[in-house]
Amino acid sequence: MKISGSEIVLECLKKEGVKHIFGYPGGVVLHLFDHIYKDKDIQLILTRHEQGATHMADAYSRSTGEVGVALVTSGPGATNTVTGLATAAMDSIPMVVFSGQVPTMLIGNDAFQEADIVGITRPCTKYNYLVKDVQELAYTIKEAFHIARSGRPGPVLIDLPRDITAAMTEFVWPAEINLRSYNPTFEGNRWMIEKAAQMIIKAKRPVIIAGGGIISSGASDELRELAELSGVPVTTTLMGIGGFPSTHYLNLGMPGMHGTYYANMAIQSADLLVAVGMRFDDRVTGKVDAFAPNAEIIHIDIDPTSIRKNVDVDVPIVGDCKRVITVLNSVIRGEVSNQWEEIRRAWMRQIDEWKRLRPLSYNYSPDVIKPQYVVEKLYEITAGEAIITTEVGQNQMWAAQFFKYDKPRTFLSSGGLGTMGYGFPAAIGAQVANPDKLVIDIAGDGSIQMNIQELATAVIYKLPVKVAILNNRYLGMVRQWQELFYGERYSHSNLDVVPDFVKVAEAYGAVGLRAEKPSEVEPVIREALKVNRPVFMDFVVDWKEKVYPMVPAGAPIDQMLFDKEAEKDDKKLKLVK
Amino acid sequence: MMKKHTISILVENKFGVLSRVSGLFSGRGYNIESISVGETLDKNISVMTIVTHGDDIIVEQITKQLNKLIDVIKVQDLYETDHVEREMVLIKVSPKIEQKSEVLRLTEIFRGKVVDSSQKTYTIEITGDEKKIDAFLELMKPMGVKEFICSGKIAIAREKK
């Protein structure tokens, strides 16, 4: 029996196990939307902007490990997905975006709502397709999902001309995908792994740096075993947060520009770095020539291009983190001696000393709300049982520093691209995928305004996401740089007129709450958690607050700036002195 | 140290592949000195020959990044492989009357061919490696070179004996 291209798309999505699509209709995808209208198995979440749809699909994926799916129309609908695709590409998130296209015979004619989206998205997708023959449609979709989720995952775009969605053909679901030109390496080289194991065993001052690859390959348990087995402390990059429990005694927190003092000091003093599923981003390394000057480096990553791209390594291992660490653990397990604790004792003592000397701290005030205090309270009240999404800037760093994440896929943040406006749609996408979990977006007043229209989506689909707006009336991170490095000339970082977020929430039919004093923070959070509706919590915070520690751009990561005032008043520090 | 590398790439013969490859070079700031593309015996596969330069780390990244492209089947950096390479040039010269015979003589020495002639000009075809072509061009300069066009380089590894 022949069916239309639109029906084939839906059949393929069902075969791939897709239950939700985030989308927005338009002229050339009406045929497909007509079939979605009749379909009982797949729910389309209508967003208010195509960018929102892509971030929702992205976070749907980040919070579950499934492939997120978005569907948009041609032209502006398609170009609006570019930021979402680039965000997912930089963070290796599997996602398939379907974009409508003008009919095949009109392509290239500058037709109404035509955009060369395959050309535009080539550098920000893992792969993309223009389907020109309905007979290739099913195979293309299966291949797209395969490419999106295998190897180093990433977003894939499929451009569907209108005539293809209506064309009729037999539906044949391909038995398997065979791509002679695409064969990711999963198993690490055994000899290299054994060499790595020997280096770990012999190291006196080893550190593991774990990145997003731990989460995408599902290697948290293996990583934990590796750390405990060999007594090696672990620092997790922004993308790796949750891949190793924040509350674990071996966790050093985040390294790099706004990393902890002890993580950065440990890296700079280490004699061995075990880098797993991370890519030595400039925000992690600081001045790259001065990064980990005394360390030999083992680098485990599924993407060969990540290895020796920014940093020279001694033992490169190309492979899937989970499989490589599993083998690594089995080798180390065979070698463990009783002197383990003895060998690491001096190193761990040194790290504890650094932790005591400069813990993450801020200057609490009884008069004005400190943004870090809000994040701490969120952690305390939720007991960490939440999925946290973030926007980008100070809110993101404080969310990374002051909330604790013991499970993977609970911290969703745009790491590589640094997309303001990511967090709120991401929270919605994560809530769709995890209806029973608490989802909180830690936002800034700048970022939240970049996709605030999605509040309508949250309200209509009854998605009770909570948004904690750390409202400082500034683009805080920009302001911080201007204060520290541009002579306090606050060029266009003052947002001046910030809307009344309580009224905005109410206008959309959500709940708006505000806290202006520290004493109001806890009641507002408790109230927000009580209502089963989307809530904006407007925390009017100290606009002068900065993110510390901070490594100035281009400096080595052990040259950190600290909050002098906070240190002066920090009780924990006084105890040391 | 910057060195010149000739990289031979087997790719799926699909539309858009050339732009994926050239986009990779431009997007990552690598340089393409010359590029030539043609079909292989298998109509589904094309071969690209790209001449680029960079230090060892850059060229390692280039080959890895090329390998990462979904449509790339095989990448071979011919730098350390014994190989034959050829490019072809067409040169239009307008020699003075007394230079005409010298032009023809040089063309013969370089095993070139005159492929078009008019009252005032000869168009000469020369194939060879870069050195030979440069040498010929140098000799033609005094002969009044009017136009010059060069193909991209193509290269093939020598069979191991």
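Residues numbered from 1 in each chain as written. Chains lettered and ligands numbered in written order. Predicted model: local features only at pLDDT ≥ 70, side-chain atom pairs only at ≥ 80, totals over all residues. Heavy atoms only, no water.

## Observations concerning the interface of chain B and chain A
With 20 residues of chain B at the contact, the number on the chain A side is 17 residues. Here chain B and chain A share an interface that buries about 1700 Å² over both sides, 48% of which is from carbon and sulfur atoms. Here Arg180(A) ties to Glu12(B) by a salt bridge, and the two come within 2.7 Å at their closest N and O atoms. Along the contact surface separating chain B from chain A lie 12 residue pairs in polar contact (both at pLDDT 80 or more). (Contact = heavy atoms within 4.5 Å. Buried area = accessible area lost by both parts, 1.4 Å probe. Salt bridge = Lys/Arg side-chain N within 4 Å of Asp/Glu carboxyl O. Polar contact = N/O pair within 3.5 Å; in protein donor to acceptor, adjacent residues only side chain to side chain.)

## A few points about the pattern of salt bridges
Across all of its chains, the model carries 47 salt bridges over all chains by this definition. Among the ionic pairs, Asp34(A) bridges to Lys38(A), the shortest N-O distance being 3.6 Å. Residue Asp34(A) and its partner Lys38(A) are located together in helix H2 (residues 30-38), separated by 4 residues, close to a single helical turn. Under the relative-accessibility criterion, Asp34(A) is labelled partly exposed at 40%. The structure contains a network of salt bridges with shared partners spanning Lys4(B), Glu33(B), Glu85(B), Glu130(B) and Lys153(B). (Helix = DSSP H or I, 4+ residues; strand = E, 2+ residues; numbered from the N terminus. Buried < 20%, exposed > 50% of the residue type's maximum accessible area, 1.4 Å probe, protein only.)

## Thoughts on the environment of Ile215(A)
All names here are of chain A. One can find Ile215 in helix H10 (residues 212-216). Here the alpha-carbon distance between Ile215 and Pro76, two residues 139 residues apart in the chain, equals 33 Å. Excluding anything up to four places from it in sequence, Ile215 contacts Met239, Gly240, Ile241, Gly243, Pro408 and Arg409.

## Structural notes on the nonpolar core
Residues and elements named next belong to chain A. The biggest cluster of nonpolar side chains holds 100 residues, and the ones touching the most others in it are Leu273, Ile298 and Phe539. A domain split of this core shows at least three residues from each of domain 2 (190-357) and domain 3 (371-547). Those residues in contact with Leu273 that lie beyond four places of it in its chain are Val207, Ile209, Ile267, Phe291, Ala292, Ala295, Glu296, Ile297 and Ile298. In this structure, Tyr422, Ile469, Val504 and Phe536 belong to the second largest nonpolar core, which totals 46 residues. (Core = buried A, V, L, I, M, F, W, Y, C linked by side-chain atoms within 4.5 Å. Domains from an automatic or database assignment.)

## What to know about the domain arrangement of chain B
Residue and element names in this part refer to chain B. Per the domain assignment, the segments of chain B are domain 1 (3-81) and domain 2 (84-157). A straight line from the C-alpha centre of domain 1 to that of domain 2 covers 29 Å. On the domain 2 side, the residues contacting the 10 residues of domain 1 number 8 residues. The interface formed by domain 1 and domain 2 holds 1 salt bridge in total. Two residues, Lys4 and Glu130, come together in a salt bridge whose shortest N-O distance is 2.9 Å.

## What about the sheet that holds strand S1 (residues 3-12) of chain B?
Residue and element names in this part refer to chain B. One open sheet accounts for 4 strands, arranged S2-S3-S1-S4; its pairing is antiparallel. The strands lining the two open edges of the sheet, one partner per strand, are strand S2 (34-39) and strand S4 (72-77). Neighbour to neighbour, the strand axes of the sheet diverge by 20° on average, direction disregarded. Relative to the sheet, helix H1 (residues 17-27) contacts S1, S2 and strand S3 (45-54), its axis offset from that of S3 by approximately 10°. (Pairing = 2+ DSSP bridges. Axes fitted to C-alpha atoms, helices over the stretch in contact; angles between N-to-C directions.)

## Brief notes about a nonpolar patch on the surface
A cluster of nonpolar side chains, contributed by Met88(B), Leu90(B), Val115(B) and Ile149(B), occupies part of the molecular surface with about 320 Å² of accessible area. Tracing the backbone through its elements, the reader meets Val115(B) in strand S6 (residues 113-117). (Patch = residues over 30% accessible without salt bridge, like charges linked within 9 Å, V, L, I, M, F, W, Y side chains within 5 Å. Areas by Shrake-Rupley, 256 points an atom, 1.4 Å probe, with all protein chains shown as cover.)

## Section: helix H16 (residues 371-382) of chain A
Residues and elements named next belong to chain A. The end-to-end C-alpha separation of H16 is 17 Å, in line with the 16 Å expected for 12 residues at 1.5 Å each. Of all the 12 residues making up H16, 9 are buried; the element is thus mostly covered by neighbouring parts of the structure. Among the residues making up H16, those that are buried are Pro371, Gln372, Tyr373, Val374, Val375, Lys377, Leu378, Ile381 and Thr382. (Expected span 1.5 Å × (residues − 1).)

## A closer look at the sheet that holds strand S11 (residues 272-276) of chain A
Residue and element names in this part refer to chain A. Sheet architecture is open: 5 strands sit in the order S10-S9-S11-S12-S13, paired in parallel fashion. The sheet terminates laterally at strand S10 (234-236) and strand S13 (315-318), the two strands that pair on one side only. Averaged over neighbouring strand pairs, the angle between their axes works out to 15° when direction is ignored. As defined by bridge partners, S11 adjoins strand S12 (residues 296-301) across 5 bridges and the pair is classed as parallel. Within S12, the residue paired with Val274 across the bridge is Ile298. Contacts from helix H12 (residues 261-269) reach strand S9 (206-210), S10 and S11, with the element oriented near 120° to S9.

## Quick word on the side chain of Thr389(A)
Residues and elements named next belong to chain A. Along the chain, Thr389 turns up in strand S14 (residues 387-390). Within polar-contact distance, the side chain of Thr389 engages the side chain of Asp441 at 3.3 Å. Those residues in contact with Thr389 that lie beyond four places of it in its chain are Leu412, Gly423, Ala426, Ala427, Val439, Ile440, Asp441 and Ile442.

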